[in-house]
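Now for the letters of each chain:
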Amino acid sequence: SPQQHNLTSYNVTTVAIFTLEAFAGMWINAFLVSALCIGWTKKKTLNSNEKILLLLGCSRFWNLCFSWVYSFLSKIYPYCLLVHPILQLLQAAYSFFNCSNLWFSACLCVFYCIKIANFRNRFFVYLKAKIDRIVPWLLFWSVIFSLTMGILVYHTIEKAACKNLNFTCRGRFWKATIRLEEHFYPLHLLTGFIYTTSLMAVIVSAVFLLFSLWRHKRKMQTNSLNSLSVDAHIRAMKSILSFFIMYSINFMSLILTLIYSTKYQNHVMFLVYLIQHAFPGVHSLILIFSNPRLEKALLKILSCVKCKVCMR
């Protein structure tokens, strides 16, 4: 029928757009991980900033990978998701990498704040001295918390599927999907808590850095001196503020998901998925251009690719 044809065309177009976004983001994060691993093999060590970026790049790469697979199957081959345990595994893996992406990003912002901001508070001075020892523990507990989230998602879908879904009834797929989403309200609230906590970490880090930058610039003007610390403050602020803006947009997409998860609203959910697919790639690109070594490596690769294309 014409309605089914329009729906099929819409799904194909949606998958094509998501594929471009996902593969671009995967390439960017793959470059980030590869560049850090090459530097790791040369220096035989990684500093705290590079450890966070390495795990952040890995989590975003796999987050985009599983998100794309789910989007592809749900739009092109929706009944594949009714085959046990494809839906459970995809959603659990996506939740794990999405949650770890959020926590690693928050860790990066907190690290920038503690490492660069200048305060005389004893506790802050203690954190600055111990930050390199604290970072591995922050990353470890981020992974544990994310793994717990993934396990909760798997068991929630498993329980809902066994209780409510009739896998032999093909004509009731979307109704079954909606009934499945209703079991996700507690997990949506938990995800909202994770988003809010991470966002608060970003906001607090940005406020502390702004206050530290303001104090430092006033001190430098009084003493008529220049300092490299101002440049470090500004670079960190650009990274954190860019993340804050994008994170706020991503937070709004979560709110839209909560509102429309049980209502099959194509256009609204398309906007949500568009934002969620763009976020990991765009922010990683900003992080690359805020790091002189990574920026130089990326521009070198792009120039080589440009030369090969021109030669053809």
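Residues numbered from 1 in each chain as written. Predicted model: local features only at pLDDT ≥ 70, side-chain atom pairs only at ≥ 80, totals over all residues. Heavy atoms only, no water.

With a phi close to 65 degrees, K44 is a non-glycine residue in the positive phi region. Following the sequence through the fold, K44 ends up in the loop between α1 (2-43) and α2 (48-76). (Helix = DSSP H or I, 4+ residues; strand = E, 2+ residues; numbered from the N terminus.)

Take a probe with the size of a water molecule and roll it over the atoms, and the empty space left behind shows itself. A full pass over the atoms with the stated rule returns 3 cavities of 30 Å³ or more. When its volume is computed, the second largest cavity comes out at roughly 90 Å³. Every residue lining the second largest cavity is listed: N63, L64, S67, Y94, N98, N101, Y195, N250, Q276, H277, F279 and P280. The set of elements that each furnish at least two residues to the lining of the second largest cavity consists of α2, α3 (86-116) and α8 (266-289). With 4 residues, α8 is the single largest residue contributor to the lining of the second largest cavity. (1 Å grid on protein atoms, 1.4 Å probe; cavity = no way out; pocket = protein on both sides within 12 Å on 5 of 7 lines; lining within 4 Å. Points joined across faces, edges and corners; volume = space filled by probe spheres on them.)

Using the criterion set out here, one finds 12 aromatic pairs in the structure. When the ring of F23 is compared with that of W68, the centres are 5.4 Å apart and the planes differ by 90 degrees; the resulting orientation is edge-to-face. With F23 in helix α1 and W68 in helix α2, this pair connects stretches of sequence that are 45 residues apart. Owing to a relative accessible area of 45%, F23 belongs among the partly exposed residues under this scheme. With a centroid separation of 4.9 Å and 70 degrees between ring planes, the pair formed by F96 and F97 is classed as edge-to-face. Side by side, F96 and F97 carry an identical accessibility label, which is buried. (Phe/Tyr/Trp six-rings, centres within 6.5 Å; stacked < 30°, edge-to-face > 60°. Buried < 20%, exposed > 50% of the residue type's maximum accessible area, 1.4 Å probe, protein only.)

Here the focus is the environment of N291. The topology assignment puts N291 in the loop between α8 and α9 (292-311). Taking the relative accessible area as the measure of exposure, N291 reaches 18% and is therefore buried. Along the backbone, N291 and R235 are 56 residues apart, and their C-alpha atoms lie at a distance of 8.9 Å.

So, about the nonpolar core. Generally speaking, a soluble globular protein has its nonpolar side chains buried in company with each other. L108, L209, I240, Y247 and I288 are the most contacted members of the largest nonpolar core, which totals 54 residues. Put simply, the parts of the chain that give this core at least two residues each are α1, α2, α3, α4 (122-164), α6 (185-223), α7 (228-260), α8 and α9. Counting residues per element, this core draws most heavily on α3, at 13 residues. If sequence neighbours within four positions are ignored, L108 has contacts with N49, I52, L53, L56 and L287. (Core = buried A, V, L, I, M, F, W, Y, C linked by side-chain atoms within 4.5 Å. Contact = heavy atoms within 4.5 Å.)

Turning next to the pattern of salt bridges. For the structure on display, the rule yields 3 salt bridges. Its salt-bridge partner being E50, residue K43 comes within 3.0 Å of it at the nearest N-O pair. You can call K43 partly exposed: its relative accessible area is 43%. Overall, E50 belongs to the buried group, its relative accessible area being 6%. Among the ionic contacts, a cluster of salt bridges with common partners joins K43, E50 and R293. (Salt bridge = Lys/Arg side-chain N within 4 Å of Asp/Glu carboxyl O.)

Within an α-helix, residues lying three or four positions from one another point in the same direction, as the helix has 3.6 residues per turn. Taking 1.5 Å of rise per residue, the 31 residues of α3 would be expected to cover 45 Å, and the 45 Å separating its terminal C-alpha atoms lies within 8% of that figure. A large share of α3 lies buried, amounting to 27 of its 31 residues. (Expected span 1.5 Å × (residues − 1).)

It is worth spelling out the UniProt feature "transmembrane region" (unreviewed entry) in the protein at this point. Taking the numbering used here, the UniProt-annotated feature "transmembrane region" (unreviewed entry) corresponds to residues 15-40, 52-73, 93-114, 134-157, 193-214, 240-262 and 268-290. Summarising residues 52-73: 100% helix, 0% strand, and an end-to-end C-alpha distance of 32 Å. Secondary structure over residues 193-214 splits into 100% helix and 0% strand, and the C-alpha atoms at its two ends are 31 Å apart. (UniProt positions renumbered as here; feature names shortened; annotations may be inferred.)

Another point: the packing of α2 against α3. Running from amino to carboxyl end, α2 crosses α3 at an angle of 150 degrees, the nearest separation of the two axes being 8 Å. In this view, α2 runs roughly antiparallel relative to α3, as classed from their interaxial angle. Here α2 runs over α3; the crossing is left-handed. Here the residues of the contact of α2 with α3 are counted per class, giving 20 nonpolar, 10 polar and 1 charged. (Axes fitted to C-alpha atoms, helices over the stretch in contact; angles between N-to-C directions. Parallel < 35°, antiparallel > 145°, perpendicular 65-115°, else oblique. Left-handed = near helix turned anticlockwise from the far one by under 90°. Nonpolar A, V, L, I, M, F, W, Y, C, P; charged D, E, K, R; others polar.)

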